[in-house]
Amino acid sequence: MSARYRCVVCGRVFPKGQGIVLSYGDLTLSFHSSRCASRFFKSLVERVPQEELKGYVKKIMEEYEEALSQRERARAKKI
């Protein structure tokens, strides 16, 4: 029998291989859908003090922007 998880947002039970399951330290965060995950993380971002989270958000945004620009340069036509 496969493992089953319970969504921390909506309470639905779903089998392993579906949904989103994240391990964070000793916590296991399980979400039935991307919608449940986004609802959870929106609440998290709204509740954590801005000064504590802002530096991490900026760094992650810079990493994604760099990855996007590298993909754009790789896709550009080379003449």
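Just so you know, these numbers come straight off a predicted model, no measurement behind them.

S.K.: I would appreciate a short explanation of the pattern of salt bridges in the present structure.
M.R.: Charged atoms that come close allow side chains of opposite charge to pair. All told, the structure shown has 2 salt bridges when counted by the stated rule. Across the pair Lys 42 and Glu 46 runs a salt bridge, and its minimum N-O distance is 3.3 Å. With Lys 42 and Glu 46 both in helix α1 (residues 34-47), this residue pair falls 4 residues apart, about one helical turn. In this structure Glu 46 comes out as exposed when scored by relative accessible area, which is 57%. Between Glu 66 and Arg 73 there is a salt bridge, with the nearest N and O atoms lying 3.5 Å from each other. Overall, the relative accessible area of 52% leaves Arg 73 in the exposed class.

S.K.: So what exactly am I meant to see when it comes to the nonpolar core here?
M.R.: A general feature of soluble globular proteins is that nonpolar side chains tend to end up buried together. Counting 6 residues, the largest nonpolar core is built from Cys 7, Phe 14, Leu 29, Phe 31, Cys 36 and Ala 37. Going through the elements one at a time, β4 (27-31) and α1 are the ones with two or more residues in this core. Once residues within four sequence positions are removed from consideration, Cys 36 is found in contact with Cys 7, Val 9, Cys 10 and Phe 31.

S.K.: Teacher, can you tell me more about the environment of Cys 7 here?
M.R.: Mapped onto the elements of the fold, Cys 7 is located in the loop between β1 (4-6) and β2 (13-15). The class for Cys 7 is buried, based on a relative accessible area of 3%. C-alpha separation for the pair Cys 7 and Val 57, spaced 50 residues apart in sequence, amounts to 25 Å. Once you skip the residues sitting within four places of it in the chain, Cys 7 turns out to touch Arg 12, Phe 14, Ser 30, Phe 31, His 32 and Cys 36.

S.K.: How do you make sense of the domain arrangement of the protein chain when you look at a structure like this?
M.R.: By a widespread convention, an interface's size corresponds to the accessible area lost as its parts come together. The assigned domain composition of the protein chain is domain 1 (1-47) and domain 2 (49-78). If you average the C-alpha positions of domain 1 and of domain 2, the two centres end up 26 Å apart.

S.K.: Looking at this structure, how should I read the layout of surface pockets?
M.R.: Remark: the empty space left among the atoms is shown by a probe the size of a water molecule rolled over them. In this model, the largest pocket occupies a volume close to 350 Å³. Looking at the largest pocket, the residues that line it are Leu 22, Tyr 24, Leu 27, Leu 29, Phe 41, Leu 44, Val 45, Val 48, Leu 53, Tyr 56, Val 57 and Ile 60. Listing elements by their share of the lining of the largest pocket, those giving two or more residues are β3 (20-24), β4, α1 and α2 (50-75). When residues of the lining of the largest pocket are assigned to their parent elements, the largest contribution, 4 residues, is made by α2. Within the lining of the largest pocket, the residues separate by chemical class into 12 nonpolar, no polar and no charged. There are two domains that each give the lining of the largest pocket at least three residues, and those are domain 1 (1-47) and domain 2 (49-78).

Analysis parameters
Residues numbered from 1 in each chain as written. Predicted model: local features only at pLDDT ≥ 70, side-chain atom pairs only at ≥ 80, totals over all residues. Heavy atoms only, no water. Salt bridge = Lys/Arg side-chain N within 4 Å of Asp/Glu carboxyl O. Helix = DSSP H or I, 4+ residues; strand = E, 2+ residues; numbered from the N terminus. Buried < 20%, exposed > 50% of the residue type's maximum accessible area, 1.4 Å probe, protein only. Core = buried A, V, L, I, M, F, W, Y, C linked by side-chain atoms within 4.5 Å. Contact = heavy atoms within 4.5 Å. Domains from an automatic or database assignment. 1 Å grid on protein atoms, 1.4 Å probe; cavity = no way out; pocket = protein on both sides within 12 Å on 5 of 7 lines; lining within 4 Å. Points joined across faces, edges and corners; volume = space filled by probe spheres on them. Nonpolar A, V, L, I, M, F, W, Y, C, P; charged D, E, K, R; others polar.

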